[in-house]
Amino acid sequence: MLAWIQGYGVRRGDAVACALKAGLDRRARRVLRLWAPLLAWVMLARGDIDGIIGYRTGIVDLPGGLLIAREAGAVVSAFDGTPFDCAPLSGDGHDFVASRAGLQEDLLEAVRR
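Residues numbered from 1 in each chain as written. Predicted model: local features only at pLDDT ≥ 70, side-chain atom pairs only at ≥ 80, totals over all residues. Heavy atoms only, no water.

*Asks:* What is the right way to read helix H3 (residues 62–71) from this model?
*Replies:* Residue pairs three or four apart in sequence face the same way in an α-helix, which turns once every 3.6 residues. Those residues of H3 lying buried are Leu 62, Gly 65, Leu 66 and Ala 69. Take H3 and look down its axis: the buried residues cluster within an arc of 100°, on one side only. Turned more than 90 degrees away from the buried face of H3, the exposed residues are Leu 67 and Glu 71. Lining the buried residues of H3 we find helix H2 (37–46), strand E3 (51–57), strand E4 (75–77) and strand E5 (94–99). Immediately beyond the C-terminal end of H3, within one or two residues, lies Gly 73, with a positive phi of roughly 95°. (Buried < 20%, exposed > 50% of the residue type's maximum accessible area, 1.4 Å probe, protein only. Helix = DSSP H or I, 4+ residues; strand = E, 2+ residues; numbered from the N terminus. Arc of directions from axis to C-beta. Contact = heavy atoms within 4.5 Å.)

*Asks:* How do you make sense of H2 when you look at a structure like this?
*Replies:* Three or more residues of H2 are buried, namely Ala 40, Trp 41, Met 43 and Leu 44. All buried residues of H2 project into a common sector of 160° when viewed along the axis, lining one side. For H2, the elements touching its buried residues are strand E1 (2–6), strand E2 (31–32), E3, H3, E4 and E5. Residue Gly 47 follows H2 closely and has a positive phi angle near 90°.

*Asks:* Mind showing me how you'd approach the packing of helix H1 (residues 15–27) against helix H4 (residues 104–112) here?
*Replies:* How two helices sit against one another is set out by the angle between their axes and by the gap between those axes. Here H1 crosses H4 at 135°, and the two axes come no closer than 9 Å. By the angle between their directions, the pair H1 and H4 is classed as oblique. For the element pair H1 and H4, the recorded crossing hand is right-handed. Touching Leu 20, Leu 24 and Arg 27 of H1 are Asp 106, Glu 109, Ala 110 and Val 111, all from H4. (Axes fitted to C-alpha atoms, helices over the stretch in contact; angles between N-to-C directions. Parallel < 35°, antiparallel > 145°, perpendicular 65-115°, else oblique. Left-handed = near helix turned anticlockwise from the far one by under 90°.)

*Asks:* Where do I start with the pattern of salt bridges in this structure?
*Replies:* Working definition: two side chains of opposite charge can pair if their charged atoms are close together. Counted under the stated rule, the structure contains five salt bridges. The salt bridge partner of Arg 46 is Asp 48, with a shortest N-O separation of 2.7 Å. For the salt bridge of Asp 50 with Arg 100, the shortest nitrogen-to-oxygen distance reads 2.3 Å. Residue Asp 50 is located in the loop between H2 and E3, and its partner Arg 100 is located in the loop between E5 and H4; the two are separated by 50 residues in the primary sequence. By relative accessible area, which is 24% here, Asp 50 ends up partly exposed. On the basis of relative accessible area, Arg 100 is assigned to the partly exposed category, the value being 35%. (Salt bridge = Lys/Arg side-chain N within 4 Å of Asp/Glu carboxyl O.)

*Asks:* What exactly am I supposed to notice about unusual backbone geometry here?
*Replies:* In most cases, non-glycine residues show a negative phi, while peptide bonds are predominantly trans. At Arg 56, a residue that is not glycine, the phi angle is positive and equals roughly 50°. Within the fold, Arg 56 resides in strand E3. Judged by its relative accessible area of 27%, Arg 56 is partly exposed.

*Asks:* Help me out: how do you make sense of the environment of Asp 14 in this one?
*Replies:* Inspection of the secondary structure puts Asp 14 in the loop between E1 and H1. Looking at Asp 14, the relative accessible area reads 18%, which means it is buried. In this structure Asp 14 touches Tyr 55 and Arg 56, once residues within four positions along its chain are discounted. Reaching out from Asp 14, the side chain makes a polar contact with the side chain of Tyr 55 at a distance of 3.0 Å. (Polar contact = N/O pair within 3.5 Å; in protein donor to acceptor, adjacent residues only side chain to side chain.)

Spatial relationships are all this shows, so hold off on functional conclusions.
Encoded structure:
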């Protein structure tokens, strides 16, 4: 089970977002699209979900969510597999894959397709 987070600036019909969501829907049993991104981070930290895919996410919940997930042992990386850093704390959005240990490569492969 995965969670999907996208930034407010992502327009309906965004080609990349549509492709990512369609690919995740094919691979995952369920993809949650929650109204509150911080809830997804807490669910990952608790082990309720396997991962989070973030596309052009805003900065509001990102630092707190990263802290919660990393303290619980989650792995977070950019779409290219490099370690994720939310700095700068502004810009058009941040793309990331967060998962429980051992699932990161599988989720990164799903995002790259």
